[in-house]
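One-letter residues, chain by chain:
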Amino acid sequence: MFLTRVFGRRLFSTVRSEGSAAGAATVRTAHNPLEEFFEVDRNPEEEKPVIYGRSWKASELRLKSWDDLHKLWYVLLKEKNMLMTQRQMLHAQNLRFPNPERLPKVRKSMCRIKHVLTERAIEDPDPRRTAEMKRMINAL
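Described below are features of the structure shown in this document. From a predicted model like this one, the values you see are computed outputs, not experimental measurements.

### Describing the overall build of the protein chain
- The helix and strand inventory of the protein chain stands at 5 helices and 0 strands.
- Ordered by position from the N terminus, the helices and strands of the protein chain form the series α-α-α-α-α.
- Counting every position in the protein chain, which comprises 140 residues, the buried fraction comes to 25%.
- In the protein chain, 66% of the contacts between residues at least 6 apart in sequence involve partners at least 24 apart.
- Just so you have it, the protein chain exposes about 10,400 Å², and 58% of that area is on carbon and sulfur atoms.

So this is what it looks like as structure tokens:
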């Protein structure tokens, strides 16, 4: 759900900017990159609770390619930053952080990605490459 929301926003913003560049009469709105640190889709006064997904399992992550894991890592990092920003902002206003279980799900998924990458590094027969991959994984 989150991935489609993130990629859907990016896809639609690209389409809007291409459409606005093509038409001279349309007004182009500036995109503020700081908006990505805040969840603006959800209205806190809604009565219907929003249900978020689960964390990624290691068995699912083992099926992913290096590039997919790399992309997923940065999507999760962006989600973690957004959640921590939202939590800090609400804490400063003495408000309750909605759905606090989301942050541990993101952290677990990130730890599992590192675990899967470490497994792949250990299985590599070249010791130099293994050491290089482990250094890179530990730097994440």
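That shown, we press on.
### Some details on helix H5 (residues 127-139)
- Under the 1.5 Å per step criterion, the end-to-end length of H5 is 18 Å for 13 residues, consistent within 8% with the ideal 18 Å.
- All of the buried residues in H5 are Thr130, Met133 and Ile137. An end-on view of H5 places all buried positions within 70 degrees of arc, on one side of the element. Opposite the buried face of H5, at more than 90 degrees from it, the exposed residues are Arg128, Glu132, Arg135, Asn138 and Ala139.

### Points about unusual backbone geometry
- With a phi angle near 55 degrees, Asn94 is a residue other than glycine that sits in the positive phi range.
- Here Asn94 shows up in the loop between helix H3 (66-92) and helix H4 (102-123).
- You can call Asn94 exposed: its relative accessible area is 69%.
- Of note, the phi angle at Asn99 is positive, near 55 degrees, even though the residue is not glycine.
- Here Asn99 is to be found in the loop between H3 and H4.

### Thoughts on the packing of aromatic side chains
- A complete count under the given rule lists 0 aromatic pairs for this structure.
- Above the ring of Tyr52, the side-chain terminus of Arg102 is found at 3.8 Å from the ring centroid.

### Observations concerning H4
- For H4, with 22 residues, the first-to-last C-alpha span of 32 Å sits near the 32 Å given by 1.5 Å per residue.
- Taken together, the buried positions of H4 are Arg102, Leu103, Val106, Ser109, Met110, Ile113, Val116, Leu117 and Ala121. An end-on view of H4 places all buried positions within 155 degrees of arc, on one side of the element. Opposite the buried face of H4, by more than 90 degrees, sit the exposed residues Cys111, Ile122 and Glu123.

Thresholds, definitions, all that
- Residues numbered from 1 in each chain as written.
- Predicted model: local features only at pLDDT ≥ 70, side-chain atom pairs only at ≥ 80, totals over all residues.
- Heavy atoms only, no water.
- Helix = DSSP H or I, 4+ residues; strand = E, 2+ residues; numbered from the N terminus.
- Buried < 20%, exposed > 50% of the residue type's maximum accessible area, 1.4 Å probe, protein only.
- Contact = heavy atoms within 4.5 Å.
- Areas by Shrake-Rupley, 256 points an atom, 1.4 Å probe, with all protein chains shown as cover.
- Expected span 1.5 Å × (residues − 1).
- Arc of directions from axis to C-beta.
- Phe/Tyr/Trp six-rings, centres within 6.5 Å; stacked < 30°, edge-to-face > 60°.
- Lys NZ or Arg CZ within 6 Å of the ring centre and 35° of its normal.

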